[in-house]
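One-letter residues, chain by chain:
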Amino acid sequence: MRTVTKDNITDVFMGYFGEDTDPRLREVMQSLASHLHAFAKEVNLTHAEWQKGIEFLEFAGRISDEHRHEFVLLSDVLGLSSLVDMVNSVPEGTSSSVLGPFHISGAPPIEFGADMKGEYEGQVLLACGRVTDPDGNPIEGAEIDIWQTAPNGLYSSQDPDQDIYSFHGIQTTGADGRYGFTTVKPVSYTVPTDGPVGEILRATGRHPWRPSHLHYIIKAPGFRPLVTEIFPDDDPYLDEDTVFGVRSDLVMKYVECQPGDFPDGYVLSGKVNDTFLRADFDLKLVPEG
Ligand code: BEZ
Ligand code: FE
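Structural notes, computed from the coordinates. Numbers given for residues are sequential positions, taken from 1 along each chain in its written order. Note on labels: chains are lettered from A, ligands numbered from 1, in written order. Thresholds applied to this predicted model are a pLDDT of at least 70 for local features of residues and 80 or more for the giving and counting of side-chain atom pairs; totals over whole chains, interfaces and linings are not thresholded and use all residues. Water and hydrogen atoms were dropped before computing side-chain values, which therefore reflect all heavy atoms in the structure.

## Things to note about the site of ligand 1
Proximity is defined per residue: if any heavy atom of the residue lies within 4 Å of a molecule or strand, that residue is considered near it. The immediate surroundings of ligand 1 are formed by 13 residues, with Asp 76, Tyr 189, Arg 210, His 213 and His 215 found nearest. What qualifies as a polar contact is a pair of N or O atoms within 3.5 Å, subject to a donor-acceptor requirement within protein and to the restriction that residues adjacent in sequence count only when both atoms come from side chains. Measuring from an oxygen atom of ligand 1, one finds a side-chain N or O atom of His 215 at 2.9 Å. Coverage of ligand 1 by the protein chains reaches 100% of its 260 Å² of free accessible surface. Just so you know the grouping, Ala, Val, Leu, Ile, Met, Phe, Trp, Tyr, Cys and Pro go in nonpolar, Asp, Glu, Lys and Arg go in charged, and all remaining residues, Gly too, go in polar. Tallied by class, the residues present in the shell around ligand 1 amount to 7 nonpolar, 3 polar and 3 charged. Only the protein chains shown count as cover for residues, and all accessible areas are computed by the Shrake-Rupley method using a 1.4 Å probe.

Rendered as structure tokens:
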């Protein structure tokens, strides 16, 4: 094809693939190119706009490192991460939700009833529930990787004043499938806005807030791993999460409890002198395959 035109460039692109190309790679790349070409034609993309887009991506690359994942954040605020979650989720299980850029591996094991609050100020939250299969049978040996921000709204990897594993822990369920730990009530917080993604949010009149949440990754032999979050029903940002992570089945209710109701088997640094919150939430995993 000698003469490439705006009408045939997509077909020409398709013809450039080698015969041995992996079929799935071919499908994904061809669809991506068709949508990119259609987008450029639809908006009559100018050179200046194309240049700006390239500079944006270069800035995202420069600001990214092993702790800062600006491309993940871009995917999150565009709704792409959530769309991928929804396309791949299975209705029999608890919905998945965004991983986000702040998960760190190697969190320490914590016992049932452990305390993640430490000396931090904030209302005590007791988070508990069961890990089950779709029929409600308990799953033994499920590992729950838990993480959240400190009361200042920062994850440990963003905050030099925190230990790297503060508000992180991995709990393994026993025969009854139960998990449970104490922590501080999570707070709403903003996604990082000091990079190119922040510029886009400002330019398009969007706020950077996420509703408060706890993050979980649950893994159990024979079951699909689940990456998810749970959100209290009274958070002001519940219906306007800037990364589109809320699903109706991930919304829970805090129950206010009196100090005397603090159950046996849980620990907390210091005494529970004040009311505390309790959130019961079951996590349903779907068998693999
Ligand atoms: C988070 O919940 O940790 C998160 C998710 C998406 C973007 C930024 C943060
Ligand atoms: Fe988060």
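From this point on, the discussion continues.
## Things to note about the sheet that holds strand E3 (residues 143-147)
Spatially, 5 strands are ordered E4-E3-E8-E9-E10 in an open sheet, and the strand pairing comes out mixed. Two strands lie at the open edges of the sheet, namely strand E4 (168-172) and strand E10 (251-252), each paired on one side alone. Two strands pair if DSSP finds at least two bridges between them. Counting from the N terminus, the helices are the DSSP runs of H or I reaching at least four residues and the strands are the DSSP runs of E reaching at least two.

## Topic: helix H5 (residues 80-87)
Helical geometry note: an α-helix holds 3.6 residues per turn, so side chains three or four residues apart project in the same direction. Of all the residues in H5, the buried ones are Ser 81, Ser 82 and Asp 85. For H5, the angular spread of buried residues about the axis comes to 95 degrees, placing them on one side. Of the surrounding secondary structure, the elements contacted by the buried residues of H5 are helix H4 (70-77). Each residue is placed in one exposure class: buried if its accessible area under a 1.4 Å probe, protein chains only, is under 20% of its type's maximum, exposed if it is over 50%, and partly exposed if it falls in between. The arc refers to the directions leading from the helix axis to the C-beta atoms. Should any heavy atoms of two residues lie within 4.5 Å, those residues are considered in contact.

## Things to note about the coordination of the iron ion (ligand 2)
In this analysis a donor is any N, O or S atom within 2.8 Å of a metal ion (3.2 Å for sodium, potassium and calcium), and since water is not included, sites may seem incomplete. Protein coordination of the iron ion (ligand 2) is provided by Tyr 155 (OH), Tyr 189 (OH), His 213 (NE2) and His 215 (NE2), with donor distances spanning 1.8 to 2.1 Å. The rule is simple: four donors are tetrahedral if all their angles sit between 85 and 135 degrees, four are square planar and six octahedral if opposite donors span more than 155 degrees and the others lie between 65 and 115, and anything that fits none of that is irregular. Considering all 6 donor atoms around the iron ion (ligand 2), the spread of angles at the metal, 54 to 165 degrees, places the coordination shape in the irregular class. In primary sequence terms, the donor set of the iron ion (ligand 2) follows Y-x33-Y-x23-H-x1-H. Residues His 213 and His 215 agree in their burial class; the two are buried.

## Some remarks on the side chain of Asp 133
Position of Asp 133 among the secondary structure elements: in the loop between strand E2 (124-132) and E3. Buried charge without a partner: Asp 133 forms no salt bridge, and the closest opposite charge is Arg 130, 7.8 Å away. One polar contact links the side chain of Asp 133 to the main-chain amide nitrogen of Asp 135, over a distance of 2.8 Å. Residues within four places of Asp 133 in sequence aside, it is in contact with Ile 139, Phe 223, Lys 284 and Leu 285. In this tally, Asp and Glu contribute negative charge and Lys and Arg positive charge; neither His nor the terminal groups of the chain are included. Within this document, salt bridges are pairs made up of a side-chain nitrogen of Lys or Arg and a carboxyl oxygen of Asp or Glu, the two lying within 4 Å of each other.

## A few points about the nonpolar core
Remark: nonpolar core denotes a set of buried residues (Ala, Val, Leu, Ile, Met, Phe, Trp, Tyr, Cys) joined through side-chain atoms within 4.5 Å. With 29 residues, the main nonpolar core has Val 131, Phe 181, Tyr 216 and Ile 218 as its most contacted residues. Of all the secondary structure elements, the ones that give two or more residues to this core are E2, E3, strand E5 (178-184), strand E8 (214-219), strand E9 (226-232) and strand E12 (276-280). Beyond its immediate sequence surroundings of up to four residues, Tyr 216 is in contact with Ala 127, Ile 144, Asp 145, Ile 146, Trp 147, Tyr 179, Phe 181, Leu 226, Val 227, Thr 228, Ile 230 and Leu 283.

## Looking at the pattern of salt bridges
Evaluated as defined, the whole model comprises 7 salt bridges. Salt-bridge contacts for Arg 68 lead to Glu 70; the nearest nitrogen and oxygen are separated by 2.8 Å. Where Arg 210 meets Glu 229, a salt bridge forms, and the shortest distance between an N and an O atom there is 2.6 Å. Of the two residues, Arg 210 sits in strand E7 (residues 209-210) while Glu 229 sits in strand E9, which places them 19 residues apart along the sequence. There is no split in this pair, since Arg 210 and Glu 229 are both buried. In the salt-bridge network here, residues are joined through shared partners; they are Arg 68, Glu 70 and Asp 194.

## Remarks on the pairing of E4
Counted residue by residue, E4 has 4 buried out of 5 residues, so it is predominantly covered. Pairing between E3 and E4: 5 bridges, direction antiparallel. Of the residues in E4, the one forming a bridge with Ile 146 is Gly 169.

## Description of the state of the cysteines
Our working definition of a disulfide is a cysteine sulfur pair at a distance within 2.5 Å. Counted according to the given criterion, the structure contains 0 disulfides. Left without a disulfide partner, Cys 128 is nearest to the cysteine sulfur of Cys 257, which lies 9.0 Å away. Residue class for Cys 257 comes out buried when judged on its relative accessible area of 8%.

## Structural notes on a nonpolar patch on the surface
Within the patch definition used here, like charges are joined within 9 Å and nonpolar side chains (Val, Leu, Ile, Met, Phe, Trp, Tyr) within 5 Å, considering only residues with over 30% relative accessible area and no salt bridge. On the surface, Leu 25, Met 29, Leu 32, Leu 36, Phe 39, Val 43, Leu 45 and Trp 50 cluster together to form a nonpolar patch covering roughly 730 Å² of accessible area. If you trace the backbone, Leu 25 turns up in helix H2 (residues 23-42).

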